[in-house]
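One-letter residues, chain by chain:
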Amino acid sequence: VPIRPGTHAALGAAFVYCILHEIKKYDVWWLKVRSNAPYLIPAVERTMAGSRVFMEDYARDPETGKPLVWDEETQGPVPFDHSKGETYALEGIYEVNGQTVKTCLQALKDYVVDFTPEWAGEITTIPAAKIRELAGNLVREARIGDKIHIDGYEFPYSPACIDIGRGAVTDGLGTQTYKFYCAVNVLLGNTDVPGGMQ
(Lines give C-alpha, C1' and ligand atoms only; values in the text may rest on other atoms or scores of the structure.)
Protein backbone atom coordinates (compact mmCIF):
# COMPACT_ATOMS: atom_id res chain seq x y z
CA VAL A 1 0.00 0.00 0.00
CA PRO A 2 1.63 3.28 -1.04
CA ILE A 3 2.18 5.68 1.86
CA ARG A 4 3.59 9.18 2.07
CA PRO A 5 7.17 8.76 3.37
CA GLY A 6 7.61 9.56 7.03
CA THR A 7 3.96 9.03 8.00
CA HIS A 8 4.01 5.49 9.40
CA ALA A 9 3.39 6.79 12.95
CA ALA A 10 -0.02 8.09 11.87
CA LEU A 11 -0.85 4.76 10.22
CA GLY A 12 0.17 2.83 13.35
CA ALA A 13 -1.89 5.13 15.56
CA ALA A 14 -4.93 4.62 13.32
CA PHE A 15 -4.48 0.84 13.43
CA VAL A 16 -4.51 0.95 17.24
CA TYR A 17 -7.57 3.22 17.12
CA CYS A 18 -9.41 0.81 14.81
CA ILE A 19 -8.63 -2.23 16.95
CA LEU A 20 -9.61 -0.61 20.25
CA HIS A 21 -12.48 1.66 19.21
CA GLU A 22 -14.07 0.11 16.13
CA ILE A 23 -13.24 -3.59 15.78
CA LYS A 24 -13.07 -4.07 19.56
CA LYS A 25 -11.39 -7.44 19.25
CA TYR A 26 -7.98 -8.17 20.71
CA ASP A 27 -6.27 -11.05 22.49
CA VAL A 28 -7.73 -10.68 25.98
CA TRP A 29 -5.90 -13.71 27.43
CA TRP A 30 -2.51 -12.59 26.10
CA LEU A 31 -2.99 -9.04 27.36
CA LYS A 32 -4.07 -10.18 30.84
CA VAL A 33 -1.51 -12.93 31.34
CA ARG A 34 1.55 -11.91 29.30
CA SER A 35 1.59 -8.11 29.19
CA ASN A 36 1.40 -5.06 31.44
CA ALA A 37 -1.97 -4.03 29.95
CA PRO A 38 -3.80 -4.58 33.29
CA TYR A 39 -1.24 -2.65 35.37
CA LEU A 40 -2.68 0.46 37.02
CA ILE A 41 -1.18 3.90 36.48
CA PRO A 42 -2.24 7.27 37.88
CA ALA A 43 -4.75 8.91 35.54
CA VAL A 44 -2.52 11.95 35.03
CA GLU A 45 -1.97 13.17 31.50
CA ARG A 46 0.74 15.69 30.76
CA THR A 47 1.79 17.64 27.71
CA MET A 48 5.37 17.70 26.50
CA ALA A 49 6.40 19.64 23.39
CA GLY A 50 2.74 19.77 22.35
CA SER A 51 2.15 16.00 22.71
CA ARG A 52 0.07 14.17 25.29
CA VAL A 53 2.26 11.88 27.42
CA PHE A 54 1.95 9.65 30.46
CA MET A 55 4.94 10.11 32.73
CA GLU A 56 3.67 8.35 35.84
CA ASP A 57 5.04 5.17 37.36
CA TYR A 58 2.72 2.25 38.08
CA ALA A 59 0.47 2.44 41.12
CA ARG A 60 2.28 0.22 43.59
CA ASP A 61 1.45 -1.91 46.58
CA PRO A 62 2.59 0.06 49.66
CA GLU A 63 4.02 -3.04 51.36
CA THR A 64 5.84 -4.79 48.51
CA GLY A 65 6.35 -2.03 45.93
CA LYS A 66 4.93 -4.33 43.25
CA PRO A 67 2.75 -2.84 40.47
CA LEU A 68 -0.98 -3.13 41.15
CA VAL A 69 -3.77 -4.47 38.94
CA TRP A 70 -7.53 -4.45 39.47
CA ASP A 71 -8.84 -7.96 40.16
CA GLU A 72 -12.44 -8.29 38.96
CA GLU A 73 -12.95 -11.34 41.15
CA THR A 74 -12.01 -9.62 44.42
CA GLN A 75 -13.18 -6.18 43.19
CA GLY A 76 -10.03 -4.53 44.41
CA PRO A 77 -6.37 -3.84 43.72
CA VAL A 78 -3.86 -6.68 44.04
CA PRO A 79 -0.15 -7.03 43.17
CA PHE A 80 0.38 -8.06 39.54
CA ASP A 81 1.59 -11.54 40.55
CA HIS A 82 -1.42 -12.26 42.78
CA SER A 83 -2.59 -14.88 40.24
CA LYS A 84 -1.98 -15.86 36.62
CA GLY A 85 -4.03 -12.85 35.57
CA GLU A 86 -7.21 -14.24 34.03
CA THR A 87 -9.36 -12.17 36.41
CA TYR A 88 -7.53 -8.88 35.95
CA ALA A 89 -9.39 -5.93 34.43
CA LEU A 90 -8.07 -4.68 31.11
CA GLU A 91 -10.11 -1.50 30.99
CA GLY A 92 -11.43 0.88 33.58
CA ILE A 93 -10.75 3.74 35.96
CA TYR A 94 -10.55 3.05 39.69
CA GLU A 95 -9.76 4.67 43.03
CA VAL A 96 -6.72 3.08 44.69
CA ASN A 97 -4.76 4.36 47.70
CA GLY A 98 -6.44 7.76 47.45
CA GLN A 99 -5.70 8.35 43.77
CA THR A 100 -7.54 7.86 40.50
CA VAL A 101 -5.88 5.19 38.37
CA LYS A 102 -6.56 3.45 35.08
CA THR A 103 -5.28 0.32 33.42
CA CYS A 104 -2.46 0.68 30.91
CA LEU A 105 -4.80 -0.57 28.18
CA GLN A 106 -7.34 2.09 29.15
CA ALA A 107 -4.59 4.71 28.96
CA LEU A 108 -3.71 3.52 25.44
CA LYS A 109 -7.36 3.50 24.40
CA ASP A 110 -7.80 7.04 25.71
CA TYR A 111 -4.57 8.19 24.08
CA VAL A 112 -5.56 7.13 20.54
CA VAL A 113 -9.16 8.39 20.69
CA ASP A 114 -8.47 11.17 18.16
CA PHE A 115 -6.30 9.11 15.78
CA THR A 116 -9.11 8.03 13.46
CA PRO A 117 -8.57 6.58 9.98
CA GLU A 118 -9.87 9.86 8.56
CA TRP A 119 -7.21 11.77 10.50
CA ALA A 120 -4.49 9.35 9.37
CA GLY A 121 -5.75 9.35 5.78
CA GLU A 122 -5.06 13.06 5.46
CA ILE A 123 -1.50 12.54 6.66
CA THR A 124 -0.58 9.24 4.98
CA THR A 125 -2.57 9.60 1.70
CA ILE A 126 -4.06 6.14 2.42
CA PRO A 127 -7.88 6.35 2.26
CA ALA A 128 -9.66 5.80 5.58
CA ALA A 129 -11.53 2.82 4.13
CA LYS A 130 -8.23 1.14 3.22
CA ILE A 131 -6.82 1.77 6.72
CA ARG A 132 -9.92 0.12 8.21
CA GLU A 133 -9.59 -2.77 5.78
CA LEU A 134 -5.93 -3.33 6.71
CA ALA A 135 -6.68 -3.19 10.45
CA GLY A 136 -9.55 -5.64 9.98
CA ASN A 137 -7.31 -7.99 7.99
CA LEU A 138 -4.70 -7.94 10.75
CA VAL A 139 -7.27 -8.82 13.42
CA ARG A 140 -8.92 -11.52 11.31
CA GLU A 141 -5.68 -13.16 10.17
CA ALA A 142 -4.19 -13.09 13.68
CA ARG A 143 -6.67 -15.87 14.51
CA ILE A 144 -7.04 -14.68 18.09
CA GLY A 145 -7.65 -17.62 20.40
CA ASP A 146 -6.30 -20.28 18.03
CA LYS A 147 -3.79 -22.83 19.33
CA ILE A 148 -1.08 -24.93 17.73
CA HIS A 149 0.58 -28.09 19.04
CA ILE A 150 4.35 -28.44 18.66
CA ASP A 151 6.30 -31.37 20.11
CA GLY A 152 3.50 -32.18 22.55
CA TYR A 153 3.04 -28.61 23.80
CA GLU A 154 0.14 -26.27 23.12
CA PHE A 155 0.92 -22.67 22.17
CA PRO A 156 -1.13 -19.65 21.13
CA TYR A 157 -1.04 -19.37 17.33
CA SER A 158 -1.10 -15.90 15.79
CA PRO A 159 0.08 -15.84 12.15
CA ALA A 160 -0.33 -12.12 11.47
CA CYS A 161 1.81 -9.24 12.64
CA ILE A 162 3.52 -6.08 11.55
CA ASP A 163 7.17 -6.72 10.79
CA ILE A 164 8.70 -3.39 11.73
CA GLY A 165 11.29 -2.62 9.09
CA ARG A 166 14.08 -0.09 9.11
CA GLY A 167 12.46 2.19 6.54
CA ALA A 168 9.40 2.87 8.68
CA VAL A 169 11.34 3.87 11.79
CA THR A 170 14.27 5.95 10.55
CA ASP A 171 12.58 9.33 10.35
CA GLY A 172 11.88 11.93 13.03
CA LEU A 173 8.84 9.99 14.29
CA GLY A 174 10.51 6.58 14.08
CA THR A 175 10.26 5.93 17.81
CA GLN A 176 6.53 6.69 17.78
CA THR A 177 6.07 4.46 14.73
CA TYR A 178 7.87 1.62 16.49
CA LYS A 179 5.71 2.02 19.61
CA PHE A 180 2.42 2.04 17.68
CA TYR A 181 3.37 -0.97 15.54
CA CYS A 182 4.51 -2.86 18.67
CA ALA A 183 1.16 -1.97 20.29
CA VAL A 184 -0.66 -3.53 17.32
CA ASN A 185 1.37 -6.72 17.69
CA VAL A 186 0.69 -6.84 21.43
CA LEU A 187 -3.06 -6.30 20.91
CA LEU A 188 -3.06 -9.21 18.46
CA GLY A 189 -1.23 -11.37 21.00
CA ASN A 190 1.43 -12.30 18.50
CA THR A 191 4.62 -11.49 20.35
CA ASP A 192 6.79 -14.51 21.19
CA VAL A 193 4.24 -17.01 19.87
CA PRO A 194 4.29 -19.27 16.77
CA GLY A 195 3.42 -17.22 13.72
CA GLY A 196 4.16 -13.88 15.36
CA MET A 197 7.10 -11.67 16.25
CA GLN A 198 9.96 -12.66 18.52
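What you are looking at is a predicted structure, and each value in this text was computed from that prediction instead of being measured.

Q: Tell me about the side chain of N185, and name the residues and values.
A: Tracing the backbone shows N185 in helix α6 (residues 174–187). Judged by relative accessible area, N185 falls into the buried class, the value being 3%. Once residues lying within four places of it in the same chain are set aside, the contact partners of N185 are C161, I162, I164, N190, T191 and M197.

Q: Can you lay out the state of the cysteines for me, pointing to particular residues and giving the numbers?
A: In a disulfide, the sulfur atoms of two cysteines are held together by a covalent bond. Counted by the stated rule, this structure contains 0 disulfides. With no disulfide of its own, C18 lies 18 Å from the sulfur of C161, the closest cysteine sulfur.

Q: I'd like a description of helix α4 (residues 117–124), backed by residues and values.
A: Restricting attention to buried positions, one finds in α4 the residues P117, A120, G121 and T124. Buried positions in α4, seen along its axis, are confined to an arc of 110° and lie on one side of it. Those residues of α4 that are buried lie in contact with α1 (8–23) and α5 (128–141). Of the residues one or two after α4, T125 is the one with positive phi, at around 75°.

Scoring rules and cut-offs
Residues numbered from 1 in each chain as written. Predicted model: local features only at pLDDT ≥ 70, side-chain atom pairs only at ≥ 80, totals over all residues. Heavy atoms only, no water. Helix = DSSP H or I, 4+ residues; strand = E, 2+ residues; numbered from the N terminus. Buried < 20%, exposed > 50% of the residue type's maximum accessible area, 1.4 Å probe, protein only. Contact = heavy atoms within 4.5 Å. Disulfide = S-S within 2.5 Å. Arc of directions from axis to C-beta.

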